[in-house]
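Tertiary structure, described
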Amino acid sequence: MRNNLLFSSFLFIFIACTLFMTATVHSAGIKERMADRIPAINALKDQGLVGENNKGFLEYRTGNKPQPQLIADENKDRAMVYGAISQKTGAPVGLVGERRANQIAENGQAGQWFQKPNGTWYKK
């Protein structure tokens, strides 16, 4: 009986540590991927092809949609980050994205496009 309890405790600790390490490695991978994309995304923003919407995601501003996989991958990673923040803080995921959109707009570069909370676009 005591061996079963000891084994169960060990197994629980092992699984918890494995999940923690996996989440940490996965999170580090997202950060690296997002950092690697910054130059290409900024180039699209500087050309006025892509802007930051009011939900914290990239959005095409024109009918010209180059590098769709880049934009899709970035938005997918952002959604994962917003979901993780939501779980950690208890804030709704949509609110997390909106708050991030505000931060991005505040720190955004002149000449790039941003969407106001009411949905209108402006060039900073």
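Residues numbered from 1 in each chain as written. Predicted model: local features only at pLDDT ≥ 70, side-chain atom pairs only at ≥ 80, totals over all residues. Heavy atoms only, no water.

**Thoughts on the nonpolar core**
Core analysis: the largest hydrophobic core is formed by eight residues, namely Ile-41, Leu-44, Leu-49, Val-50, Leu-58, Tyr-60, Leu-70 and Ile-71. Among the secondary structure elements, those contributing two or more residues to this core are helix H1 (2–46), strand E2 (58–60) and helix H2 (68–89). (Core = buried A, V, L, I, M, F, W, Y, C linked by side-chain atoms within 4.5 Å. Buried < 20%, exposed > 50% of the residue type's maximum accessible area, 1.4 Å probe, protein only. Helix = DSSP H or I, 4+ residues; strand = E, 2+ residues; numbered from the N terminus.)

**Section: the packing of aromatic side chains**
Tallied over the entire structure, the rule returns two aromatic pairs. Each ring, one from Phe-57 and one from Tyr-82, has its centre 5.3 Å from the other, and the planes form 65°; the classification is edge-to-face. Within this pair, whereas Phe-57 is found in the loop between strand E1 (50–52) and E2, its partner Tyr-82 is found in helix H2, the two being separated by 25 residues in sequence. We classify Phe-57 as partly exposed; its relative accessible area is 21%. On the numbers, 6.0 Å between centres and 35° between planes, the contact of Phe-114 with Tyr-122 is tilted. With relative accessibility at 26%, the residue Tyr-122 sits in the partly exposed group. The side chain of Arg-61 reaches across the aromatic face of Trp-113, ending 4.0 Å from its centre. A cation over a ring is seen here: Lys-124 above Phe-114, with NZ or CZ 6.0 Å from the ring centre. (Phe/Tyr/Trp six-rings, centres within 6.5 Å; stacked < 30°, edge-to-face > 60°. Lys NZ or Arg CZ within 6 Å of the ring centre and 35° of its normal.)

**As for the confidence of the model for the chain**
Taken over all residues, the pLDDT of the chain has a mean of 85, while the share at 70 or more is 77%. Note that pLDDT drops below 50 for residues 2–25; the model gives that stretch zero contacts with residues more than four away or on any other chain. (pLDDT = per-residue confidence, 0-100. Contact = heavy atoms within 4.5 Å.)

**A few points about helix H3 (residues 93–107)**
Look at H3: 21 Å from first C-alpha to last across 15 residues, which is about the 21 Å you get at 1.5 Å a residue. Of all the positions in H3, only Val-96, Gly-97, Ala-101, Ile-104 and Ala-105 are classed as buried. Lining the buried residues of H3 we find E1, H2, strand E3 (113–115) and strand E4 (121–123). (Expected span 1.5 Å × (residues − 1).)

**Some points on the sheet that holds E2**
Adjacent strands of a sheet pair through backbone hydrogen bonds, lying either parallel or antiparallel. The four strands lie next to each other as E2-E1-E3-E4, forming an open sheet whose pairing is mixed. Looking along the sheet, the strands with just one partner apiece sit at the ends: E2 and E4. Each strand of the sheet is rotated relative to its neighbour by a mean of 35°, with strand direction disregarded. In this structure, E1 lies alongside E2, joined through three bridges in antiparallel fashion. Considered in E2, the bridge of Glu-52 is made with Leu-58. Set on the sheet, H2 makes contact with E1 and E2; between it and E2 the angle comes to about 150°. (Pairing = 2+ DSSP bridges. Axes fitted to C-alpha atoms, helices over the stretch in contact; angles between N-to-C directions.)

**Observations concerning the packing of H2 against H3**
The contact between H2 and H3 brings their axes to 8 Å, and the two run at 115°. As H2 runs across H3, the sense of the crossing is right-handed. For the pair formed by H2 and H3, the contact residues are Arg-78, Tyr-82, Gly-83, Ile-85 and Ser-86 on the first element and Val-93, Val-96, Gly-97, Arg-100 and Ile-104 on the second. Broken down by class, the residue content of the contact of H2 with H3 amounts to five nonpolar, three polar and two charged. (Left-handed = near helix turned anticlockwise from the far one by under 90°. Nonpolar A, V, L, I, M, F, W, Y, C, P; charged D, E, K, R; others polar.)

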